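Coordinates in review
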Amino acid sequence: GKDYCYDPNLSSPTSSSTSPPTSTPINLISSSPTYQPSKSPTKAPSSDLPLVIMGDNGGDNFPLGRCEGDCDSHDQCQSGLLCYQRGGTESVPGCDGTGISGKDYCAEKKNNLFISGNNGNPSSSFPLGLCEGDCDNDGDCADGLVCFERSGMDVVPGCAGLGVYGKD
């Protein structure tokens, strides 16, 4: 898998078991059931926005909002968003759909594994922050972070998600 920067001072998950279950049962049955089923299954609500292309190589639509593309660097995204670099149709954290292959989209980071750049490009993405990749060595990461060199899809300590196969 791809390699990502992480904080080696964060505690790793433990292998100890959780507390035993309580002895008092919890009533999950509603006191006011519905009398008729819905006509058709409904889709679970989602706060994810669809991926949309709003601009390319500058223009009036910049900086781009959440789930909007095509960005080339973090500074092309609104404050609090990062440019999620893609090589194909990888999923974008917090966004719905596959978008256009190879197009990059602005997204919230929230400690999800996030590809911000590769091999020093774009230069504005380096040094990489917490849970950002693709790093090749500790020098690619911000102060206090180290490059977690993965083999396959190893879990990156302190980060959420699986990331992208082949990215550090």
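Residues numbered from 1 in each chain as written. Predicted model: local features only at pLDDT ≥ 70, side-chain atom pairs only at ≥ 80, totals over all residues. Heavy atoms only, no water.

1. Some words on the overall build of the chain
For clarity, the cut-off: Helical segments are the DSSP runs of H or I of at least four residues, strand segments are the runs of E of at least two, and each set is numbered from the N terminus. Buried residues are those whose accessible area, probed at 1.4 Å on protein chains only, stays under 20% of the maximum for their type, while exposed residues exceed 50% and partly exposed ones sit between those limits. Residue contacts are defined here by distance: any two heavy atoms, one from each residue, within 4.5 Å place the two residues in contact.
Helix and strand counts for the chain stand at 0 helices and 10 strands. Sequence-ordered secondary structure for the chain, helices as α and strands as β, is β-β-β-β-β-β-β-β-β-β. Counting all 168 residues of the chain, 36% fall into the buried class. Pairs at least 24 residues apart make up 50% of the contacts formed inside the chain by residues separated by at least 6 positions.

2. Concerning the environment of serine 151
Among the secondary structure elements, serine 151 is positioned in the segment after strand S10 (146-148). Linking serine 151 and lysine 2, residues 149 residues apart in sequence, is a C-alpha distance of 8.1 Å.

3. Details of the nonpolar core
The nonpolar side chains of a soluble globular protein tend to be buried, and buried together. Counted only if it meets this: Here the nonpolar core consists of buried residues drawn from Ala, Val, Leu, Ile, Met, Phe, Trp, Tyr and Cys, with membership extended through side-chain atoms lying within 4.5 Å.
By size, the foremost hydrophobic cluster in this structure holds 9 residues: Leu51, Cys67, Leu82, Tyr84, Val92, Cys95, Tyr105, Ala107 and Phe114. Secondary structure elements with two or more residues in this core: strand S5 (82-84) and strand S7 (105-107). Dropping the residues within four chain positions of it, leucine 82 is found in contact with His74, Cys77, Tyr105, Cys106, Ala107, Lys109, Phe114 and Glu132. Listed in part, the 8 residues of the second largest apolar core include Leu113, Ile115, Cys131 and Phe148.

4. So, the side chain of aspartate 70
Relative to the elements of secondary structure, aspartate 70 occurs in the loop between strand S4 (68-69) and S5. If we skip the residues at most four places from it in the chain, aspartate 70 touches Ile53, Met54, Gly55, Asp56, Phe62, Leu64, Gln76, Lys103 and Asp104.

5. What to know about the environment of threonine 89
Among the secondary structure elements, threonine 89 is positioned in the loop between S5 and strand S6 (95-96). In sequence terms threonine 89 and aspartate 104 are 15 residues apart; their C-alpha atoms lie 9.4 Å from each other. Setting aside chain neighbours within four positions, we find threonine 89 in contact with Thr98 and Ser101.

6. Points about the confidence of the model for the chain
Using the following cut-off: The predictor attaches a confidence to each residue, called pLDDT, with possible values from 0 through 100.
Mean pLDDT over the chain stands at 79; residues scoring 70 or higher make up 74%. Element-level pLDDT for the chain is lowest in strand S8 (residues 114-115), with a mean of 79, against a maximum mean of 94 in strand S3 (residues 52-53).

7. Digging into the state of the cysteines
Our working definition: In what follows, a disulfide is any cysteine sulfur pair within 2.5 Å.
On inspection of all chains with the given rule, the structure shows 5 disulfides. In this model cysteine 71 forms its disulfide with cysteine 83; the gap between the sulfur atoms is 2.1 Å. With the S-S dihedral at roughly 95°, the linkage between cysteine 71 and cysteine 83 falls on the right-handed side. Of this pair, cysteine 71 sits in the loop between S4 and S5 while cysteine 83 sits in strand S5, and the two are 12 residues apart along the sequence. Of the two residues, cysteine 71 and cysteine 83, neither departs from the other in class, the shared state being buried. Between cysteine 77 and cysteine 106 runs a disulfide, and the two sulfur atoms are separated by 2.0 Å. Every disulfide takes its handedness from the sign of the S-S torsion; for cysteine 77 and cysteine 106 that torsion is -80°, giving left-handed. Taken together, the residues span a long stretch of sequence, with cysteine 77 in the loop between S4 and S5 and cysteine 106 in strand S7 at a distance of 29 residues. For cysteine 77, a relative accessible area of 7% puts it in the buried group.

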